[in-house]
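Structural overview for review
For reference, the chains in residue letters:
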Amino acid sequence: MRPLGRVLVPGLLLTGCTADPEPGGRPVGSSSPDGHRTARQAETKLTAEVQSALDAVPAQGAMVESGVERVAEGIHTRPTLDDGAGYKLTVVCVGKGEAEIVFSPAGAGSGRMVPCDRSLVFERLTGRSRLALDVRGRPDAAGMVAWRIEKV
């Protein structure tokens, strides 16, 4: 009887690991279908809130780029900017905690903290051909962050 037990257990493990997902992408046997749905609904709500907060401030110049990301993933963009031209960065975060704006090279903008309380943070920056903009959530941060870069 021992050999049969050895064959049966690996077969069960293999079946459990390779099962097809149910409709909607939830793995078979997943413990909480409502947990995933609730998280998606909360993220959708926060996305709408952060986009609404950003849209409340009309653009004053030609838009270069914008977007919405999870705070945990952050913003990592390398915008195409004209050397020496003036730009305005608008960032807003909705959720909890705070995020930090980081420019590379460091002299392109001053970099600031962005509280995740719907506060709008504005930053003037000078265009550089090799500018990198990152907005990084602090370890306790959660929610969504939106940004817009416009030429002024």
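Higher on the page you've got the structure.
Overview of the structure.

Rules behind the numbers
- Residues numbered from 1 in each chain as written.
- Predicted model: local features only at pLDDT ≥ 70, side-chain atom pairs only at ≥ 80, totals over all residues.
- Heavy atoms only, no water.
- Helix = DSSP H or I, 4+ residues; strand = E, 2+ residues; numbered from the N terminus.
- Buried < 20%, exposed > 50% of the residue type's maximum accessible area, 1.4 Å probe, protein only.
- Contact = heavy atoms within 4.5 Å.
- Areas by Shrake-Rupley, 256 points an atom, 1.4 Å probe, with all protein chains shown as cover.
- Salt bridge = Lys/Arg side-chain N within 4 Å of Asp/Glu carboxyl O.
- Disulfide = S-S within 2.5 Å.
- Pairing = 2+ DSSP bridges.

Attention now moves to the overall build of the chain. From N to C terminus, the chain includes two helices and six strands. When the elements of the chain are put in sequence order from the N terminus, they spell out α-α-β-β-β-β-β-β. By residue count, 30% of the 152 residues in the chain fall in the buried class. The long-range fraction of contacts in the chain, counting pairs at least 24 apart against all pairs at least 6 apart in sequence, stands at 73%. Within the structure as shown, the chain displays about 9200 Å² of accessible surface, and the carbon and sulfur contribution to it stands at 55%.

Attention now moves to the pattern of salt bridges. Under the defined criterion, the tally for this structure stands at nine salt bridges. Where Glu 43 meets Arg 70, a salt bridge forms, and the shortest distance between an N and an O atom there is 2.7 Å. Placement of the pair is Glu 43 in helix H2 (residues 33–55) and Arg 70 in strand E1 (residues 62–70), with a sequence separation of 27 residues. On the basis of relative accessible area, Glu 43 is assigned to the partly exposed category, the value being 29%.

Turning next to the state of the cysteines. Under the definition given, this model contains one disulfide. With its sulfur 2.1 Å from that of its partner, Cys 93 forms a disulfide with Cys 116. Note on the Cys 93 and Cys 116 pair: the S-S dihedral is about 75°, so by sign convention the disulfide is right-handed. On the criterion of sequence distance, the pair formed by Cys 93 in strand E3 (residues 86–104) and Cys 116 in strand E4 (residues 113–126) is long-range, its members being 23 residues apart. For Cys 93, a relative accessible area of 0% translates into the label buried.

This next bit is on the pairing of E3. As paired elements, E3 and E4 share eleven bridges and run antiparallel to each other. In the strand pairing of E4, Gly 86 is matched with Thr 126. Relative to strand E6 (residues 142–151), E3 runs antiparallel, the two sharing ten bridges. The residue bridging Thr 90 from the neighbouring strand is Arg 148, located in E6. With six bridges connecting them, E3 and strand E5 (residues 132–137) associate as antiparallel partners.

Attention now goes to the environment of Thr 44. Relative to the elements of secondary structure, Thr 44 occurs in helix H2. When its relative accessible area of 55% is taken as the criterion, Thr 44 is described as exposed. Taking C-alpha positions, Thr 44 is 9.5 Å from Met 144, a pair spaced 100 residues apart along the chain.

As a further point, take the environment of Met 113. Of note, Met 113 is situated in strand E4. By relative accessible area, which is 29% here, Met 113 ends up partly exposed. Distance in space between the C-alpha atoms of Met 113 and Ala 99 is 5.8 Å, their sequence separation being 14 residues. Aside from chain neighbours lying at most four places away, what touches Met 113 is Glu 98, Ala 99, Glu 100, Val 121 and Arg 138.

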